[in-house]
Amino acid sequence: MADETKNTTENTETEALAEAVEDIEDAAEELEEAADVDDTDDDDEADDDEADEEEKDKSDDEAEKKEGKIINDIIEVVESTLLTVFVIIMIFTYFLHPVNVVGSSMNNTLFNGNRVFMTTVYTGPHYGDIIVINNDMAYFLDENNKVIEKDISGSGLKECIIKRVIAEPGQTIDFDVDKEQVIVDGKVLDEPYIRQTVISDGGNFNFPITVPEGYYFVMGDNRRESADSRNGDVGLIKKEQIYGKAIVKYSPIKEFKFLFFKNK
């Protein structure tokens, strides 16, 4: 009896131990499953963090590209503006100069207060060209047709004047004041640009005269109110006295026009 009790007790203890072992194994499996779940969650979180980092990097790259494009656009605008300003400065320094017209001697082509652009780069000048002159000295011809100088210090005409070329070097000019005509190389000039015809040769030359090399005979379009080569304080114009050639009237803007003359 005692042996049966002992065996029963031993069996009971063995079963209890086996159950305890099973409980431990079950707990271990549960812990392992929990660990696996945690690892999966960690992996998901890591993937999410990596995706967020990639998205941030992509956004940063796009922002940098956009910022770089804006800077490049600004640089291009600045470069273009500077180039334009440089070209304008070069043009107005070496090619075009604004000139203000004073007086009525060039009516009806130019009026008092008109503004024109003068170029210092030109050929000639030739008949019909409008030129800007530094009238600092007057030149005439003696009885032997030699050029003589006349000091015009104190004269109101010792200034910048604007006139039209009528006779070039080597050409012969004459006047028929009775018929109010200007004659160059034996031909009466057709002058559609004049306001008034000529009624005086000025009395400072013995016409006809041949214009010497390096000189020009000039007149205003308003012949009866123009102090030009017929005048005792102007005379022949030496080429070195010519500032430049007027090419366009730009002010007032409604009277804008080019001043090129086509010799028929």
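Below: a short report on this structure. (Residues numbered from 1 in each chain as written. Predicted model: local features only at pLDDT ≥ 70, side-chain atom pairs only at ≥ 80, totals over all residues. Heavy atoms only, no water.)

## A few points about the layout of surface pockets
Quantified by volume, the second largest pocket comes out at close to 260 Å³. Taken together, 15 residues line the second largest pocket, and the ones lying closest to its centre are Val102, Glu159, Cys160, Ile161 and Ile162. For the lining of the second largest pocket, the secondary structure elements donating two or more residues are β1 (96-100) and β6 (160-167). Sort the elements by how many residues they give to the lining of the second largest pocket and β6 lands first, with 4 residues. By residue class, the composition of the lining of the second largest pocket is 8 nonpolar, 4 polar and 3 charged. (1 Å grid on protein atoms, 1.4 Å probe; cavity = no way out; pocket = protein on both sides within 12 Å on 5 of 7 lines; lining within 4 Å. Points joined across faces, edges and corners; volume = space filled by probe spheres on them. Helix = DSSP H or I, 4+ residues; strand = E, 2+ residues; numbered from the N terminus. Nonpolar A, V, L, I, M, F, W, Y, C, P; charged D, E, K, R; others polar.)

## Description of the packing of aromatic side chains
All told, the structure shown has 12 aromatic pairs when counted by the stated rule. With 4.2 Å between their ring centres and 20° between their planes, Phe117 and Tyr250 make a pair best called stacked. One end of the pair, Phe117, is in strand β2 (residues 115-119); the other, Tyr250, is in strand β13 (residues 242-251), with 133 residues separating them in the sequence. Judged by centre distance (5.4 Å) and plane angle (90°), the rings of Tyr127 and Phe261 are edge-to-face. Taken together, the positions of Tyr127 in the loop between β2 and β3 (130-134) and Phe261 in the segment after β14 (257-258) put the pair 134 residues apart, joining distant regions of the chain. For Tyr127, a relative accessible area of 10% translates into the label buried. Taken together, the ring pairs in this structure connect Phe140, Phe175, Phe205, Phe207 and Phe217 into an aromatic cluster. Over the face of the ring belonging to Tyr193 we find Arg164, whose NZ or CZ atom lies 4.0 Å from the ring centre. (Phe/Tyr/Trp six-rings, centres within 6.5 Å; stacked < 30°, edge-to-face > 60°. Buried < 20%, exposed > 50% of the residue type's maximum accessible area, 1.4 Å probe, protein only. Lys NZ or Arg CZ within 6 Å of the ring centre and 35° of its normal.)

## Here we look at the pattern of salt bridges
In this structure the tally under the stated criterion is 8 salt bridges. Here Asp73 ties to Lys69 by a salt bridge, and the two come within 3.3 Å at their closest N and O atoms. Residue Asp73 and its partner Lys69 are both found in helix α1 (residues 2-94); the two are separated by 4 residues, about one turn of the helix. Of the charged contacts, one joins Asp129 and Lys245 as a salt bridge, the two residues approaching to 3.5 Å between their closest N and O atoms. Of this pair, Asp129 sits in the loop between β2 and β3 while Lys245 sits in strand β13, and the two are 116 residues apart along the sequence. (Salt bridge = Lys/Arg side-chain N within 4 Å of Asp/Glu carboxyl O.)

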